[in-house]
Amino acid sequence: MAISSPFSIVSAGNAASRLHAVHTRLRAACAQAGRPDNAVGLLCVSKTQPAAAIREFHQLGERHFGENYLQEALDKMAELPDLRPTLTWHLIGPLQSNKTRLAAEAFDWVHSVDRLKIAQRLSEQRPPTKVPLQVCLQVNVSGESSKSGVPPQELPALAHAVAALPRLKLRGLMSIPAPAEGFEAQRAPHRQLRALFDRLNAEGLALDTLSMGMSADLEAAVVEGATWVRVGTALFGERPQKA
Ligand SMILES: *Cc1c(COP(=O)(O)O)cnc(C)c1O
């Protein structure tokens, strides 16, 4: 059975039915991979969506939201103060060094760390009143469409340096592979990230997080060991164009 999705990744209907469809896909992929249903977390990617859409998915039971643009995220956080105690904010977009303080103060997770300088600033700027910032290193696996991400050959040195920073908790790796057609082609870059993760753990790190897989390829990512899938379009529908 091919569980990759040739059909449209956005099912018809309202938020509740789209969310149900994504959870159904995740459960099927976990079953195929022989992994428990709770092995994979759903990170709702709410970039360009209004605060009201986050509130709607929060009411439907979702607790983890991913944002790409710092100022946009801060604006939405300011609109949703009542959700703060029960909502975990993840930064998944590129971070400039002059914006690290805001990120260190406002987010729970940053998935997109790809340079030591950024990690050092986040560690220095993480408020002492908060738990350490949870971070993933973004890796530029082969065929990655974005220019962000540490090259695989530079990953071990970066990972060991970041793991030693006091106010960060290095959790794992993240990637954004180029879009690929077909289940096997989609699996290849996820398998590559998994191999890098296994190697770092064999070297003594204690990573537990693989942030990989999006609307179009979440099944392939789950089969290769994803622990977060980052899903936008399949939950919220096509994104409004950013002004
Ligand atoms: C937009 C985005 C996603 C979600 O992509 P969809 O294809 O809409 O599910 C996931 N991860 C990152 C880093 C993104 O920028």
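As the structure is a prediction and not an experimental result, all values here were calculated from the model. (Residues numbered from 1 in each chain as written. Predicted model: local features only at pLDDT ≥ 70, side-chain atom pairs only at ≥ 80, totals over all residues. Heavy atoms only, no water.)

Tell me what's going on with the pattern of salt bridges, and back it up with residues and numbers.
Enumeration according to the criterion identifies 12 salt bridges in this entry. One salt bridge connects Arg115 with Asp114, and the closest N-O pair in it is separated by 3.8 Å. Given a relative accessible area of 38%, Arg115 falls into the partly exposed group. What you see here is one network of salt bridges that share partners, running through Glu184, Arg187, Arg191 and Glu224. (Salt bridge = Lys/Arg side-chain N within 4 Å of Asp/Glu carboxyl O. Buried < 20%, exposed > 50% of the residue type's maximum accessible area, 1.4 Å probe, protein only.)

An account of the site of the ligand is needed here, citing residue identities and associated values.
Neighbouring the ligand are the residues Val45, Lys47, Asn68, Ile92, Ile176, Met214, Ser215, Arg230, Val231, Gly232, Thr233 and Arg239. A distance of 2.8 Å separates an oxygen atom of the ligand from a polar atom in the backbone of Gly232. Protein contact buries 90% of the 380 Å² of open area that the ligand shows by itself. Grouping the constituent residues of the shell around the ligand by class yields 5 nonpolar, 4 polar and 3 charged. (Near = heavy atom within 4 Å. Polar contact = N/O pair within 3.5 Å; in protein donor to acceptor, adjacent residues only side chain to side chain. Areas by Shrake-Rupley, 256 points an atom, 1.4 Å probe, with all protein chains shown as cover. Nonpolar A, V, L, I, M, F, W, Y, C, P; charged D, E, K, R; others polar.)

Explain helix H5 (residues 116-125) to me, using residue names and the numbers behind them.
Along an α-helix, residues three or four apart share an orientation, since each turn contains 3.6 residues. Of the positions making up H5, those classed as buried are Ile118, Ala119, Leu122, Ser123 and Gln125. Turning to H5, the residues buried within the fold contact helix H4 (100-106), strand E4 (109-113), strand E5 (133-138), helix H6 (155-163) and strand E6 (168-174). (Helix = DSSP H or I, 4+ residues; strand = E, 2+ residues; numbered from the N terminus. Contact = heavy atoms within 4.5 Å.)

How would you summarise the environment of Ala185 if you had to cite specific residues and measurements?
Mapped onto the fold, Ala185 is located in helix H7 (residues 183-202). With 109 residues separating them in the primary sequence, Ala185 and Lys76 have C-alpha atoms 36 Å apart.

Kindly report on the UniProt feature "modified residue: N6-(pyridoxal phosphate)lysine" (unreviewed entry) in the protein chain, identifying the contributing residues and their values.
Mapped onto this numbering, the UniProt entry annotates "modified residue: N6-(pyridoxal phosphate)lysine" (unreviewed entry) at Lys47. Note that Lys47 resides in the loop between strand E1 (41-45) and helix H2 (51-59). Contact partners of Lys47, with chain neighbours within four places excluded, come to Gly66, Glu67, Asn68, Tyr69, Glu72, Lys76 and Arg239. (UniProt positions renumbered as here; feature names shortened; annotations may be inferred.)

Could you give an account of the nonpolar core, naming the residues involved and the relevant values?
Membership of the largest hydrophobic core comes to 63 residues, with the highest contact counts inside it found for Leu42, Phe107, Leu122, Leu137, Leu173, Val229 and Leu235. Considering each element in turn, this core owes the most residues, 6 residues, to helix H1 (residues 15-33). Ignoring any residue separated from it by four or fewer positions in sequence, one finds Leu42 in contact with Leu19, Val22, His23, Leu26, Glu62, His64, Trp228, Val229, Val231 and Leu235. One finds Val45, Trp109, Met174 and Trp228 within the second-largest nonpolar core, a separate group that totals 7 residues. (Core = buried A, V, L, I, M, F, W, Y, C linked by side-chain atoms within 4.5 Å.)

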